[in-house]
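Examination of the molecular architecture
Residue strings, one per chain:
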Amino acid sequence: MGQVIMMKMLFVFNPNSGKAQIKNQLMKIIQVFSKAGYEITVYPTKASLDGYQHILDSEGRYDVITCSGGDGTLNETVAAVLKYKGEKPPIGYIPSGTTNDFAASLGIPRNMVKAAVNIAKGKRFPCDVGMVNGERSFNYVAAFGAFTRVSYGTPQNLKNVLGHQAYVIEAVRSLSTIKPQYMRVYSEEMHVEGNFVYGMISNTDSVGGIKNLTGNDVNLQDGLFEVTLIRELNNPIAVQSLINAFITKDLSKCDWVCTWKTSSVRFESPQPVSWTLDGEYGGEHTEIKFSVKEKAVDFLIGGVPANN
């Protein structure tokens, strides 16, 4: 009898993500992969960028790279695989953070063991990745302005107390107190300038746990990201108009919001502006350019996401 060749998997996880919930599931997850015929190397991360470096140093040694953690862990995993000079192995993702917008867009279950089963049975799904100034990558959202100094995680207890609509109203009202940023924004499809309290470039159908906020035609592999800019809210009509747009989940109908799809967009501002990339600090910039790498990495998921 010939020797059975086992597939090799690197499993990188953040032991502290999402209240360290993986510790209760780790053995079950490893059993799922073992039963599926994988020889598994487990690597718990010790610090920021530790996972990135380990995956980078592991090029050519594994058939699948699986990661578990929040947005930061996934960001590091994708960034490392993108740097591979040879064949890029597919990525499995077991979310253990708080919001997991990108996982929701990919149809990945919140249950960690179910997510592992999906990876073990998984189909390859090529996915677009965003690039910042041609160097740093992001998976699903780059943003400036309101909400970006804190994590994207919606405070669930506040949401539970107030209910969705009340939470949205409170969030939008806080926008009117934010100091706006003057920006000039250039892309092939659109050129806008003015004072903006928030802006994002996204590739997700869920933002801050709210589905379809950027439209119901988001496609994760079309080579296009969605640009959303919210202008300065300088009167009560503007605030109410935006509240209505959030509640109906249709920002495109609001006069204080600019939205469009693009494969490349550049922002310029007289003052340095702080950006976040997938919820992590992305530096301060007076000029920043975003582009899309179409179908840059493959994810192992249970099926094709709804909008693809």
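Overview of the structure.

Rules used throughout
- Residues numbered from 1 in each chain as written.
- Predicted model: local features only at pLDDT ≥ 70, side-chain atom pairs only at ≥ 80, totals over all residues.
- Heavy atoms only, no water.
- Helix = DSSP H or I, 4+ residues; strand = E, 2+ residues; numbered from the N terminus.
- Contact = heavy atoms within 4.5 Å.
- Salt bridge = Lys/Arg side-chain N within 4 Å of Asp/Glu carboxyl O.
- Buried < 20%, exposed > 50% of the residue type's maximum accessible area, 1.4 Å probe, protein only.
- Core = buried A, V, L, I, M, F, W, Y, C linked by side-chain atoms within 4.5 Å.
- Phe/Tyr/Trp six-rings, centres within 6.5 Å; stacked < 30°, edge-to-face > 60°.

Quick notes on the environment of Thr77
Residue position: Thr77 is located in helix α3 (residues 71-82). Sequence separation of Thr77 and Thr66 is 11 residues, and the distance between their C-alpha atoms is 8.4 Å. Residues contacting Thr77, with those up to four places away along its chain left out, are Ile55, Ile65, Cys67 and Ile91.

Looking at the pattern of salt bridges
Scanning the entire structure with this criterion turns up six salt bridges. Here Asp50 ties to Lys46 by a salt bridge, and the two come within 3.6 Å at their closest N and O atoms. Judged by relative accessible area, Asp50 falls into the buried class, the value being 17%. A residue is classified by how much of its surface remains accessible, and Lys46, at 64% relative accessible area, is exposed. The shortest N-O distance in the salt bridge between Asp298 and Arg124 comes to 2.8 Å. Placement of the pair is Asp298 in strand β15 (residues 280-301) and Arg124 in strand β5 (residues 123-132), with a sequence separation of 174 residues. Look at Asp298 and you get buried, because its relative accessible area is 17%. Sharing partners across several salt bridges, the network here consists of Arg184, Arg266, Glu268 and Glu287.

Overview of the nonpolar core
Core analysis: the largest hydrophobic core is formed by 69 residues, its most contacted members being Phe33, Ile94, Ile230, Leu233, Leu242 and Phe299. Counting 22 residues, the second largest nonpolar core, distinct from the first, contains Leu229, Val265, Phe267 and Val292.

Remarks on the packing of aromatic side chains
Scanning the model with the defined rule gives 12 aromatic pairs in all. With centroids separated by 5.9 Å and ring planes inclined at 25°, the aromatic side chains of Phe102 and Tyr140 adopt a geometry described as stacked. Taken together, the residues span a long stretch of sequence, with Phe102 in helix α4 (residues 101-105) and Tyr140 in the loop between β6 (136-138) and β7 (141-145) at a distance of 38 residues. Per residue, the accessibility class of Phe102 equals that of Tyr140, and both read buried. When the ring of Phe138 is compared with that of Phe290, the centres are 5.8 Å apart and the planes differ by 85°; the resulting orientation is edge-to-face. Taken together, the residues span a long stretch of sequence, with Phe138 in strand β6 and Phe290 in strand β15 at a distance of 152 residues. Look at Phe290 and you get buried, because its relative accessible area is 2%. Cluster of aromatic residues (ring-pair linked, three or more members): Phe138, Phe144, Phe225, Phe267, Trp275 and Phe290.

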